[in-house]
Amino acid sequence: MLKENIWKKYDAVEVSKVFEMGDDYKKFLTVSKTEREANREIIRRAKEKGFHNIVDYIKEGKRLKPGDKIYADNRGKAVALFVIGKDSITNGMNILGAHIDSPRLDLKANPLYEDTDFAYFDTHYYGGIKKYQWTTIPLALHGVIVKKDGTKIDVNIGEKEDDPVFCITDLLPHLASEQMKKTSDKLIEGEALDVLIANMPLKGEDKNEVKANVLSLLKEKYDITEEDFLSSEIEVVPAGRARDMGLDRSMVLAYGQDDRSCAYSSLMAILDSKGSDKTVSCILVDKEEIGSVGSTGMCSTFYENTVAEICQLLGEDSFVAVRRVFANSKMLSSDVNAGYDPMYASVMDKRNASYLARGLVFCKYTGSRGKSGSNDADAEFIAELRNILDSDNVSYQVSELGKVDIGGGGTIAYILANLDVKVIDAGVAVLNMHAPYEVTSKVDIYEAYLGYLSFLNKA
């Protein structure tokens, strides 16, 4: 039942569409390296397609009507989009859900220090990473600094052609005999992931001259002091734009494709949705990589509260109405899956793996080993989805995340399932998952978009 490489079924016109979307996808990735940046780009694109902030409806006391397009912004880090359908919203919604955070390094609250004529930023890694992969590569600083008076300063250093970049140093092989005896998880310790940022002293200082020079430069460029780091969110991410990969340019090499590959395809699907009888929605959240916790993660009540606000604006103002909305809703939890890599075949069940260039990946259950922590989708729901996608000639495959006893993973699917939503994971196969640079197939991005669009319009 393994599917064929999708490129075989495409003619020249379809290949052109794939590459056109691939170019746009690379632009999205390049400007969306943090959850804040992704949130901004999502809302910018939504506004261009006629979406309006739900806050305006609430303030003006306006009623919602079929065809209205609205979005809700959660603290600049998560966003929910809705297209109101003709049916009562209590008949349920068709929902797409993805996350817009990715593994990275975060600056600590007191990050700046000097040691032996070098200035460093002290970091704390975010999400599951192989720490050794983050050494010696060019890094950029993205984020925000908020001063005591409320002034918000955006930081983006390392992306322009003439910007400086940064790196985490490593030991030369000539002196690394003891280091190389360590297991890979101890090769580079978390406290050693400090980013080298400067080496030039500030003349006239008695001590910490290099640190003083850094503070002088930051004061000149951003008008901030060292104390302002206390109210900052600065993320260290790989520098550089998303790139074509391969002589055939069939793949994309870029940071953050888990899960912005699915966030992009979901976003484009709801922006291009022509509407249906049902209300359709796309929820794009933060914090999935650390358990979906916090006010901007899927475990918060933001999405439930927004649906409650929509019910009120539609005249369905009751607790029971909100419960009915979720109980009658269907969802694709749009998250990536581990693509089969022949270099590491031993951890994969080849008959139940996902493959690049073979289409949208359904994962009936996630969790680990004995399905621990898993959402396990109903067979009836899967059959319905098969019928929808087959009717639109969308390519898809069904997969697990590696061999049973090897490991596993989770998504936001179970959180919506806890609200009584019918949900299954459906995303894109990725190589190098959680590495600084991940690999996807352009044709999978396109087929995911087509699959999500079919689901919104027909489920």
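Refer to the preceding data block for the structure.
Keep in mind that what you see is a predicted model, and the values were worked out from it rather than measured.

What counts, and at which threshold
Residues numbered from 1 in each chain as written. Predicted model: local features only at pLDDT ≥ 70, side-chain atom pairs only at ≥ 80, totals over all residues. Heavy atoms only, no water. Phe/Tyr/Trp six-rings, centres within 6.5 Å; stacked < 30°, edge-to-face > 60°. Helix = DSSP H or I, 4+ residues; strand = E, 2+ residues; numbered from the N terminus. Buried < 20%, exposed > 50% of the residue type's maximum accessible area, 1.4 Å probe, protein only. Salt bridge = Lys/Arg side-chain N within 4 Å of Asp/Glu carboxyl O. Core = buried A, V, L, I, M, F, W, Y, C linked by side-chain atoms within 4.5 Å. Contact = heavy atoms within 4.5 Å. Pairing = 2+ DSSP bridges.

Chemist: Which parts of the structure should I look at to understand the packing of aromatic side chains?
Modeler: For the coordinates displayed, the defined rule picks out 14 aromatic pairs. Aromatic pair Phe121 and Phe229: ring centres 5.6 Å apart, planes at 70°, arrangement edge-to-face. Here Phe229 lies in the loop between helix H5 (209-222) and strand S10 (232-238) and Phe121 lies in strand S6 (residues 118-126), a separation of 108 residues in the sequence. Aromatic pair Phe362 and Tyr396: ring centres 5.8 Å apart, planes at 75°, arrangement edge-to-face. Highlighted residues: Phe362 in strand S16 (residues 360-363) and Tyr396 in strand S18 (residues 396-398), separated in sequence by 34 residues. For the pair shown, Phe362 and Tyr396 are each scored as buried.

Chemist: Before we go on, may I ask you to explain the pattern of salt bridges in this structure?
Modeler: Pairs can form between side chains of opposite charge whenever their charged atoms are close. Counted according to the given criterion, the structure contains 29 salt bridges. In this structure, Lys26 engages Asp244 in a salt bridge whose closest nitrogen and oxygen atoms are separated by 2.7 Å. Residue Lys26 is located in helix H1 (residues 12-30), and its partner Asp244 is located in strand S11 (residues 243-245); the two are separated by 218 residues in the primary sequence. By sharing partners, the salt bridges in this structure join Asp23, Lys26, Asp244, Arg249 and Lys442 into a single network.

Chemist: Just to check I follow, could you spell out the nonpolar core for this structure?
Modeler: What tends to happen in soluble globular proteins is that the nonpolar side chains get buried as a cluster. Ile42, Leu81, Leu284, Leu332, Phe362 and Tyr452 are the most contacted members of the largest nonpolar core, which has 60 residues in total. Ranked by residue count, the leading element in this core is helix H11 (residues 442-458), at nine residues. In this structure Tyr452 touches Leu96, Cys262, Ser265, Ser266, Ala269, Leu332, Ser334, Leu360, Ala426 and Gly427, once residues within four positions along its chain are discounted.

Chemist: Would you explain the pairing of strand S2 (residues 69-74) in this entry?
Modeler: Pairing geometry for strand S1 (residues 52-53) and S2, over two bridges, is parallel. Bridging across to S2, Asn53 finds its partner in Tyr71. Here S2 runs beside strand S3 (residues 78-83); their pairing, made up of six bridges, is antiparallel. Directly across from Asp73, in S3, lies its bridge partner Val79. Where S2 hands over to S3, the hairpin turn is made up of three residues, of which Arg75 adopts a positive phi near 60°.

Treat this as a map of the structure, not an account of what it does.
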